[in-house]
Amino acid sequence: MLRIAIIIGSTRPGRKGEAVAKWAYEIAQRRRDAEFELVDIKDFNLPLLDEPMPPIMGQYTHDHTKTWSAKIASFDAYVFVTPEYNHATSGALKNAIDFLYGEWVNKVAGFIAYGGVSGARAVENLRLVMGELQVATVRAQVGLSMFTDFENFSVFKPAPMQEKAVNFMLDQVVWEGGHPFWRGETDLQTVLSMLLGK
Ligand SMILES: Cc1cc2nc3c(=O)[nH]c(=O)nc-3n(C[C@H](O)[C@H](O)[C@H](O)COP(=O)(O)O)c2cc1C
């Protein structure tokens, strides 16, 4: 079964990202076409990138990198829950992404963003980063507005249509993730078992 991580992309005290990601996770858990796991980058206590070799070499020296690597490698696809900080994603999420390379390659990603213009610019920023990591991103994305999905710009109260938007984005992530032929995998057994959902 396809394994999809829902990654909380902010770490600051009082962050809204946790409520948004938990809401998305609850919606995702009602689906039967993939397994979902909530992954909080805060739990991994990653410092600013401190590996001596570029991550593309895959030669990690620190336990925190190895733990993060094993977690990310265990998924087929990712849903990034990102805030918008200065028209980009958060430094914490970018740093966590930068720690690794091969673990992301040939995987699939979707996005849930929030901000003044629904986090649109943060997603555009992440799409560029995903391109370099050879991650296939889906077109559908969930944009949560500070004006209409948060009460008084603070308490998360998503508009009813947003649940549909989450499922629409997940439909695309699951479809793309379930077609490894398109992503260059050649192991027929793997391809067949994914297509048959076993
Ligand atoms: C450093 C910083 C920069 C921000 N820049 C933007 C921005 O460029 N555009 C925007 O719509 N909101 C911006 N905001 C507001 C955030 O979207 C809002 O505070 C959101 O709750 C942040 O996500 P978080 O609570 O999960 O950390 C910024 C907030 C912070 C802390």
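Above this text sits the structure in question.
Trainee: Hey, could you run me through the overall build of the protein in this one?
Mentor: Check the secondary structure of the protein and you find 6 helices and 7 strands. Starting at the N terminus, the α and β elements of the protein follow one another as β-α-β-α-β-α-β-α-β-β-β-α-α. Taken over the C-alpha trace, the protein has a radius of gyration of 16 Å; the compact-globule value for 198 residues is 16 Å, and the two agree within 12%. Across its three principal directions, the C-alpha atoms of the protein cover 50 × 40 × 25 Å. Taken across its 198 residues, the protein has 39% of its residues classed as buried. In the protein, 75% of the contacts between residues at least 6 apart in sequence involve partners at least 24 apart.

Trainee: Would you take a moment to explain the nonpolar core for this structure?
Mentor: Side chains of a nonpolar character, in soluble globular proteins, are inclined to be buried together. Judged by nonpolar contacts, the single largest core of 49 residues is most densely connected at Ile4, Ile6, Ile7, Ala24, Val79 and Val81. Residue contributions to this core peak at 6 residues, all from strand β4 (residues 108-115).

Trainee: Got a minute to help me understand the pairing of strand β3 (residues 77-83) in this structure?
Mentor: Consecutive residues of a regular strand have side chains that alternate between opposite faces of the sheet. Of all 7 residues in β3, 7 are buried; the element is thus mostly enclosed. In this structure, strand β1 (residues 3-8) lies alongside β3, joined through 5 bridges in parallel fashion. Residue pairing in the sheet places Ile8 in a bridge with Val81 of β3. Sheet analysis places β3 next to β4, joined by 7 bridges and oriented parallel. Looking at the pairing, Thr82 lines up with Ala113 of β4. Regarding topology, helix α3 (residues 91-98) serves as the crossover connection from β3 to the parallel β4, and that connection is right-handed.

Trainee: Looking at this structure, how should I read helix α5 (residues 161-177)?
Mentor: Since the α-helix turns once every 3.6 residues, residues separated by three or four places project in the same direction. For α5, spanning 17 residues, the distance from its first C-alpha to its last is 24 Å, which sits close to the expected 24 Å at 1.5 Å a residue. Looking only at α5, the buried set comprises Gln162, Val166, Met169, Leu170, Val173, Val174, Glu176 and Gly177. The arc that holds the buried residues of α5, viewed along the axis, is 165°, so those residues lie on one side. More than 90 degrees from the buried face of α5, the exposed residues found are Met161 and Lys164. At its buried positions, α5 is contacted by β1, α1 (17-29), β3, β4 and β5 (136-145).

Trainee: In this structure, what is going on with helix α4 (residues 120-132)? I would like to understand it.
Mentor: The end-to-end C-alpha distance of α4 is 19 Å, a good match for the 18 Å that 13 residues give at a rise of 1.5 Å each. Listed as buried for α4 are Ala122, Val123, Asn125, Leu126 and Met130. The arc enclosing the buried residues of α4, seen along the axis, measures out at 160°, which places them on a common side. Structural note: α4 exposes Leu128, Gly131 and Glu132 on the side pointing more than 90 degrees away from its buried face. For α4, the secondary structure elements touched by its buried residues are β3, β4 and β5.

Conventions adopted
Residues numbered from 1 in each chain as written. Predicted model: local features only at pLDDT ≥ 70, side-chain atom pairs only at ≥ 80, totals over all residues. Helix = DSSP H or I, 4+ residues; strand = E, 2+ residues; numbered from the N terminus. Rg over C-alpha atoms; globule rule 2.2 N^0.38 Å. Buried ≥ 20, exposed ≤ 12 C-beta atoms within 10 Å, placed from the backbone. Contact = placed C-beta atoms within 7 Å. Core = buried A, V, L, I, M, F, W, Y, C linked by C-beta atoms within 7 Å. Pairing = 2+ DSSP bridges. Right-handed = clockwise from strand over helix to strand, strands pointing away. Expected span 1.5 Å × (residues − 1). Arc of directions from axis to C-beta.

Taken by themselves, the reported measurements are silent on function.
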